[in-house]
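# Summary of the model geometry
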Amino acid sequence: MLTKRIIPCLDIKNGRTVKGVNFVNIRDAGDPVELGASYAEQGADELVFLDITATNDNRKTFVELVRDIARHVNIPFTVGGGISSVADVEPLLEAGADKISINSAAVRNPQLIDDLAKAFGSQFVVLAIDARKIANQWTVHTHGGRNPTDKKLFSWAHEGQNRGAGEILFTSMDHDGTKQGFAIDPLVKLNELLDIPVIASGGAGNKEHFIHAFTLGKADAALAASLFHFGELSIPELKSYLNGNGIPIRI
Amino acid sequence: MIAVIKYNAGNIRSVAFALERLHVDFSITDNPEEIQKADKVIFPGVGEANTTMRYLKDRKLDVLIKELKQPVLGICLGMQLLCSYSEENDTPCIGVFDEQVKKFQPLQHEKVPHMGWNSLTPTHSWLDSDVANKFVYFVHSYFVPVNAYTSAITEYIQPFSAAMKKDNFYAVQFHPEKSATVGEKIIRSFLKQS
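Below or above, wherever it landed, is the structure these notes cover. (Residues numbered from 1 in each chain as written. Chains lettered and ligands numbered in written order. Predicted model: local features only at pLDDT ≥ 70, side-chain atom pairs only at ≥ 80, totals over all residues. Heavy atoms only, no water.)

### Focus: the packing of aromatic side chains
A complete count under the given rule lists 18 aromatic pairs over all chains for this structure. Between the aromatic rings of F143(B) and F160(B), the centroid separation amounts to 6.4 Å while the plane-to-plane angle is 65°, which identifies the pairing as edge-to-face. Placement of F143(B) in strand 11 (residues 142-143) and of F160(B) in strand 13 (residues 158-166) is noted, with a sequence separation of 17 residues between them. Each of the two residues, F143(B) as well as F160(B), counts as buried. Three or more aromatic residues link up through ring pairs in this structure, and these residues are F104(B), F138(B), F143(B), Y156(B), F160(B) and F174(B). In this structure, K151(A) is placed above the aromatic ring of W156(A), and the distance from its NZ or CZ to the ring centre is 4.8 Å. Positioned over the ring face of F154(A) is K189(A), at 4.4 Å from the centre of the ring. (Phe/Tyr/Trp six-rings, centres within 6.5 Å; stacked < 30°, edge-to-face > 60°. Helix = DSSP H or I, 4+ residues; strand = E, 2+ residues; numbered from the N terminus. Buried < 20%, exposed > 50% of the residue type's maximum accessible area, 1.4 Å probe, protein only. Lys NZ or Arg CZ within 6 Å of the ring centre and 35° of its normal.)

### A closer look at the pattern of salt bridges
All names here are of chain A. Using the criterion set out here, one finds 18 salt bridges over all chains in the structure. With its nearest N and O atoms 2.8 Å apart, the salt bridge here joins E167 to R5. Within this pair, whereas E167 is found in strand 9 (residues 167-172), its partner R5 is found in strand 1 (residues 5-13), the two being separated by 162 residues in sequence. On the basis of relative accessible area, R5 is assigned to the buried category, the value being 1%. A salt bridge links K99 to E46, with the nearest nitrogen and oxygen atoms 3.0 Å apart. Residue K99 is found in strand 5 (residues 99-102), and its partner E46 is found in the loop between helix 1 (32-42) and strand 3 (47-51); the two are separated by 53 residues along the sequence. Residues joined in a network through salt bridges with shared partners are R5, E46, K99 and E167. (Salt bridge = Lys/Arg side-chain N within 4 Å of Asp/Glu carboxyl O.)

### Remarks on the interface of chain B and chain A
If you look at the interface, chain B gives 26 residues, while chain A gives 35 residues. In total, chain B and chain A occlude about 2500 Å² of area from one another, counting both sides; carbon and sulfur atoms represent 54% of this. The tally of links between chain B and chain A comes to four salt bridges. One salt bridge connects D98(A) with K178(B), and the closest N-O pair in it is separated by 2.8 Å. (Contact = heavy atoms within 4.5 Å. Buried area = accessible area lost by both parts, 1.4 Å probe.)

Right under this line is the structure:
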């Protein structure tokens, strides 16, 4: 049976993991390669690495890092941050990235989704969407959620699928950081609307929230960052809990 | 020496890193002589069937692959291209396995591609019995139905061939290079074949 995926997300700045990481078995909490390998060993199903500096100066550092991750991590991983052209993606693919995620650049230039899907295949292209509810409408934001756009979540996700995105990574900015649970209603609607997998992001605060994302929200995967990084919830503990509650999960 | 066939496949780098992690000597090559004299050959693959077959034909790699006598492992699209035909853009393939590759047809709003970790039921001994019910990573929209060459079955929408074997040809639909320790075990199983 196809299992639901648990995906830790790591923010990278200048080749290092940002935010403290609270693991006993990690020697260097800032090393994304060691941290990624450790998550893989603990049973993470995929990893996401986001380059949050994403300036030209740091591009080379990031590509080098991606190569190092690919060398040491034996599960699939997605990289994102600052990708705005097919040319940006080629070195990442060559370095061993399994998927790339695009966000602001796709909003600015939706054709980018078509171009990337055509060049590398849909399975390689994750469309990340940050949205917040404004006047009862899920409004897409760019630049780490700073800039509202005229795009709406559901029509944009659908357009992304039609243009060739292979997955949608939906982050509810209203829920992100609250630890009050994932945004269930839009997940349900996205699942009904789309034929491609949906990754839930934003709001994970405890084990039950993951159950809700998978059963009520029908998400295919769930992503979290600080919950895992600060050791509030370990992946083995979460997966064994989900398994015990009848969620199909890889143990 | 293991030869990894060099062509426009997306996962060559991942396969190379997986072999590095296993401390295996390999070279990534499209040199016919080098491929022919390798102890084992890995035929990776991520991409679209038609473009890829055209690429292989232009370089006569399709004929070369079919005539190899040492153990050959096709991965993902590599496995599909070892069949005789793919529904993906109506593509005649290499034809080691006399089977047709079909597109997943969702029955109850299942997502396509089949993406993520799914479990294996081995039916042939080239796969260690301890990978039974273990999970491996899949990403594919097309599949090979269960047939006489099937050596492991996975279920998604319907049962399909997760692995196959015919003579010296081995094939897996999933990505052992991305399937954590279970995938490493399966690569080792292949490397033990002679």
